[in-house]
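A structural walkthrough
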Amino acid sequence: MSDQNPYEKLGVSEEATFDEIQDARNRLFEQHSGDAKHLEVIEAAYDAILMDRLRMRQEGKIKVPERIRFPELRVQSPPKESPTPREQSPAWLQRMLDQPTSADILLPGAWFLGLSSISLFYPEGGEQVLQLALVVGVGTSIYFLNRKEGKFGRAVLFTLVSLIIGLIAGGLVASWLLPQISSFTNLGTNQFSTVITFILLWLVSSFLR
């Protein structure tokens, strides 16, 4: 092997490209991985070829790519940044929230808008009308929730919880807000809390499953 020129030692022709030379060097390195003497000969042959190519480049005989002139410099593409995952809502919330269609929003909305109008414009003292409107609102909410998933018990539970929260929140807001706008409206506390309840029932029946 000592009588061979560097190209013969690597098993390539003098017209071989740099990729072919490098592949031959790597292949021989794998074949003689346990033989330090062979590895030195292979590396020396590889270096000799690089020097020969540089000499020929200086003489203008060949054009040597940058990676052959400076093999230690490898243009490495920057590591791809893994896209930052979007923050997702908790799994339990995703299971509860729905992506409603226009019909799922507009149909309950029309019902609760009508019930709210009855509650707002009915003469003061018509408590029975408000109670009837609430009963119809509860039935409407249960119907639309049950229509989505077919889970009647779940629909009843969500509706009753929304009813309680709506009445409590509506009463609290009414006790704070109505005294400040009493000069502009004759709404009673029950009327106001009923409307708040209908808004909450509409949100629940449209956007929950």
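Rules of the game
Residues numbered from 1 in each chain as written. Predicted model: local features only at pLDDT ≥ 70, side-chain atom pairs only at ≥ 80, totals over all residues. Heavy atoms only, no water. Salt bridge = Lys/Arg side-chain N within 4 Å of Asp/Glu carboxyl O. Helix = DSSP H or I, 4+ residues; strand = E, 2+ residues; numbered from the N terminus. Buried < 20%, exposed > 50% of the residue type's maximum accessible area, 1.4 Å probe, protein only. Axes fitted to C-alpha atoms, helices over the stretch in contact; angles between N-to-C directions. Parallel < 35°, antiparallel > 145°, perpendicular 65-115°, else oblique. Contact = heavy atoms within 4.5 Å. Nonpolar A, V, L, I, M, F, W, Y, C, P; charged D, E, K, R; others polar. Expected span 1.5 Å × (residues − 1). Polar contact = N/O pair within 3.5 Å; in protein donor to acceptor, adjacent residues only side chain to side chain. Patch = residues over 30% accessible without salt bridge, like charges linked within 9 Å, V, L, I, M, F, W, Y side chains within 5 Å. Areas by Shrake-Rupley, 256 points an atom, 1.4 Å probe, with all protein chains shown as cover. Phe/Tyr/Trp six-rings, centres within 6.5 Å; stacked < 30°, edge-to-face > 60°.

1. Remarks on the pattern of salt bridges
Should the charged atoms of two oppositely charged side chains come close, the side chains can pair. Applying the stated criterion across every chain, the model contains two salt bridges. A salt bridge links Arg25 to Glu43, with the nearest nitrogen and oxygen atoms 3.0 Å apart. Here Glu43 lies in helix 3 (residues 36–58) and Arg25 lies in helix 2 (residues 18–31), a separation of 18 residues in the sequence. With relative accessibility at 24%, the residue Glu43 sits in the partly exposed group. A salt bridge links Arg55 to Asp52; the nearest nitrogen and oxygen atoms lie 2.5 Å apart. With a gap of three residues between them, Arg55 and Asp52 both fall in helix 3, about one helical turn apart.

2. Comments concerning the packing of helix 6 (residues 102–121) against helix 9 (residues 189–207)
The interhelical angle for the contact between helix 6 and helix 9, taken along N-to-C directions, is 175°, at an axis separation of 9 Å. In this view, helix 6 runs roughly antiparallel relative to helix 9, as classed from their interaxial angle. Each of Asp104, Ile105, Pro108, Gly109, Phe112, Leu115, Ser116, Ser119 and Leu120 in helix 6 lies in contact with helix 9, whose residues at this interface are Gln191, Thr194, Val195, Phe198, Leu201, Trp202, Ser205, Ser206 and Phe207. The residue inventory of the contact of helix 6 with helix 9, partitioned by class, reads ten nonpolar, seven polar and one charged.

3. Points about helix 3
Because an α-helix packs 3.6 residues into every turn, residues spaced three or four apart end up facing the same way. Taking 1.5 Å of rise per residue, 23 residues should cover 33 Å, and helix 3 covers 33 Å from first to last C-alpha, within 8% of that figure. Along helix 3, the residues that are buried comprise Leu39, Ile42, Ala45, Tyr46, Ile49, Leu50, Asp52 and Arg53. The distance from a side-chain oxygen at the start of helix 3 to the backbone nitrogen of Lys37 is 3.1 Å, and the residue carrying that oxygen is Asp35. Downstream of helix 3 by one or two residues, Gly60 has phi in the positive range, about 80°.

4. Focus: a nonpolar patch on the surface
A cluster of nonpolar side chains, Leu157, Val161 and Ile165, forms an exposed patch at the surface whose accessible area comes to about 260 Å². By the secondary structure assignment, Leu157 is in helix 8 (residues 152–181).

5. Points about the packing of aromatic side chains
Two descriptors summarise a pair of aromatic rings, namely the distance from one centre to the other and the angle between the planes of the rings. Under the counting rule described, the total for this entry stands at three aromatic pairs. Relative to Phe198, the ring of Phe112 has its centre 6.0 Å away and its plane inclined at 40°; by these criteria the two rings are tilted. With Phe112 in helix 6 and Phe198 in helix 9, the pair connects residues that are 86 residues apart, well separated along the chain. By relative accessible area, which is 3% here, Phe112 ends up buried. Since its relative accessible area comes to 1%, Phe198 is described here as buried.

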